[in-house]
Amino acid sequence: PETSTKLDLIDNVGNGSSEPRPETTPETSTKLDFINGHRIESSLAMLQQADETGMTVLDIAMASGFNSKSAFYSAFKKHQGVTPGEYRKRIASAC
């Protein structure tokens, strides 16, 4: 039988695979950071326009590809250095 690498298993997460999600390693962490970085970048414009669109932080998290608000907050803080709420306050005060 063919054996799957941890990265193969991550690639299958969300694709209907019944394989368990592997533990996080430096190799998989880098890939997840890369993906989450792109997700956070896509969320920035939505956060800037949230007052006009009426989107909540949870709406933006889901639209960006996150499965939970807590995962979004953790990734956002890691990549931007502030929470989504703090980011929105900074944008509002800059206007």
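Conventions and cut-offs
- Residues numbered from 1 in each chain as written.
- Predicted model: local features only at pLDDT ≥ 70, side-chain atom pairs only at ≥ 80, totals over all residues.
- Heavy atoms only, no water.
- Helix = DSSP H or I, 4+ residues; strand = E, 2+ residues; numbered from the N terminus.
- Contact = heavy atoms within 4.5 Å.
- Phe/Tyr/Trp six-rings, centres within 6.5 Å; stacked < 30°, edge-to-face > 60°.
- Buried < 20%, exposed > 50% of the residue type's maximum accessible area, 1.4 Å probe, protein only.

**Description of the side chain of Asn 36**
Alright, step 1. Position of Asn 36 among the secondary structure elements: in helix α2 (residues 26-48).
Alright, step 2. With residues up to four places along the chain from it excluded, the contact list for Asn 36 reads Phe 66, Ala 75 and His 79.

**Focus on the packing of aromatic side chains**
Alright, step 1. Across all of its chains, the model carries four aromatic pairs by this definition.
Alright, step 2. Ring plane angle 70 degrees and centroid distance 5.6 Å describe the contact between Phe 76 and Tyr 87, whose orientation is recorded as edge-to-face. With a gap of eleven residues between them, Phe 76 in helix α5 (residues 69-80) and Tyr 87 in helix α6 (residues 84-94) connect regions that are remote in the sequence. For the residue pair Phe 76 and Tyr 87, the accessibility class agrees, reading buried in each case.
Alright, step 3. By the ring-pair criterion, three or more aromatic residues cluster together here, those being Phe 66, Phe 72, Tyr 73, Phe 76 and Tyr 87.

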